[in-house]
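Residue-level structural notes
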Amino acid sequence: MKPKVLVIIPDSNKELHTWLQGVFELKLIADIKFREAAWQNELTGGHDDWNTVTELLNEEWQEYDGFIIWAPEESVLTLAGYLSLVLDTPGKPIVTFQAPSPSGLNKNPLLELGLKSQLIKSAYLASSEIAEVSLLHGDQVFRPWQCHWVETDEKTILQSI
C-alpha cells in the first residue's frame, strides 16, 4: 500500500489546482492529497502563517504518513525552523520546499518544471523513513538548524553549516 501524503499549498487558483492534480508522477509515489493554506504574506510568511500550517498538520496528523509544505520563497528556512521547534520529534516526515508563489508561475514552463521536480523529490522524502522536519532546496536536503542564507553575486542561496 502506498503511503498517504498531504501537500499543503498556498491558496491557489483553479488552474494551478488542476495542474497539480495532473502531475501523474506524484500518484506513482504516494496517495497524494492537496490542502490549501492562506498565507497573509505570500512572499515572506509570518508567525500567524506558521501557526496555520501547524494547525493543519495537527488536524491531519493521524490520517497521513508524511507531509509536504510549499513554503513562501523567503520563508522556507524560518518555517522549517519553527516546525522543528514545535514538533521536536515528529515521528513522521515533514518536508518544506521553496517555490514561487502561485501567482508567480504565470504559465512559465521552466518555473512549472522546477515546481514539478520539487514536488516529486518532496514526495519521495515524505514517503521515506526519515521522521523529521527536512528542508528541500534545489537538489539538497537540509535539517533546518544546519543551514543559513548566503548572499552571492547572483542570488540568495541556502548553505549547510
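Read on for a plain summary of the structure. (Residues numbered from 1 in each chain as written. Predicted model: local features only at pLDDT ≥ 70, side-chain atom pairs only at ≥ 80, totals over all residues. Heavy atoms only, no water.)

**Considering the side chain of Thr 54**
Here Thr 54 shows up in helix α3 (residues 47-60). Here Thr 54 falls in the buried class, since its relative accessible area comes to 8%. Only 2.9 Å separates the side chain of Thr 54 from the backbone oxygen of Trp 50, close enough to count as a polar contact. Setting aside residues up to four positions removed in sequence, Thr 54 forms contacts with Tyr 82, Leu 83 and Val 86. (Helix = DSSP H or I, 4+ residues; strand = E, 2+ residues; numbered from the N terminus. Buried < 20%, exposed > 50% of the residue type's maximum accessible area, 1.4 Å probe, protein only. Polar contact = N/O pair within 3.5 Å; in protein donor to acceptor, adjacent residues only side chain to side chain. Contact = heavy atoms within 4.5 Å.)

**Considering the pattern of salt bridges**
For the structure on display, the rule yields six salt bridges. The salt bridge involving Lys 4 is made with Glu 63; its shortest N-O contact spans 2.3 Å. Here Glu 63 lies in the loop between α3 and β3 (66-71) and Lys 4 lies in strand β1 (residues 4-10), a separation of 59 residues in the sequence. For Lys 4, a relative accessible area of 24% translates into the label partly exposed. With a relative accessible area of 43%, Glu 63 lands in the partly exposed category. Notably, a salt bridge pairs Glu 25 with Lys 116, separated by 3.1 Å at the nearest N-O pair. Of this pair, Glu 25 sits in helix α2 (residues 24-29) while Lys 116 sits in helix α6 (residues 109-126), placing them 91 residues apart in sequence. You can call Glu 25 buried: its relative accessible area is 19%. (Salt bridge = Lys/Arg side-chain N within 4 Å of Asp/Glu carboxyl O.)

From the geometry alone we can't say anything about function, so treat these as descriptive.
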